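# Working through the structure, step by step
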Amino acid sequence: MGRLAEAKPLYQRALALIERTLGPEHPNLAATLDNYADLLRKMQRAAEAETAEARAKAIWAKQKREPDGK
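Just so you know, these numbers come straight off a predicted model, no measurement behind them. (Residues numbered from 1 in each chain as written. Predicted model: local features only at pLDDT ≥ 70, side-chain atom pairs only at ≥ 80, totals over all residues. Heavy atoms only, no water.)

## Focus: the overall build of the chain
Helices and strands together make up the secondary structure of the chain, namely three helices and zero strands. Along its sequence from the N terminus, the chain presents helices and strands in the succession α-α-α. Over its C-alpha trace the chain gives a radius of gyration of 12 Å, about what one expects of a compact globule, namely 11 Å for 70 residues. Taken over the C-alpha atoms alone, the chain extends approximately 35 × 25 × 20 Å along its principal axes. Burial statistics for the chain: of 70 residues in total, 29% are counted as buried. Total accessible area on the chain stands at roughly 4800 Å², and carbon and sulfur atoms take up 53% of it. (Helix = DSSP H or I, 4+ residues; strand = E, 2+ residues; numbered from the N terminus. Rg over C-alpha atoms; globule rule 2.2 N^0.38 Å. Buried < 20%, exposed > 50% of the residue type's maximum accessible area, 1.4 Å probe, protein only. Areas by Shrake-Rupley, 256 points an atom, 1.4 Å probe, with all protein chains shown as cover.)

Okay, here's the thing in structure tokens:
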């Protein structure tokens, strides 16, 4: 819909809420980080996307699984 800039703060808020309620190693946090990384890539923010993706991968590794479809 072309409203990527509006989505970024919403993702950031969601990430903070998920981390606070479910914890920093929860799979839902990793899934949201993966989605956030996709958004950042669409916004041409590759460095930020790589950071989010690396954090998601670390969580997935601790869970000893990869996300569906990755």
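Now that the structure has been shown, the text picks up again.
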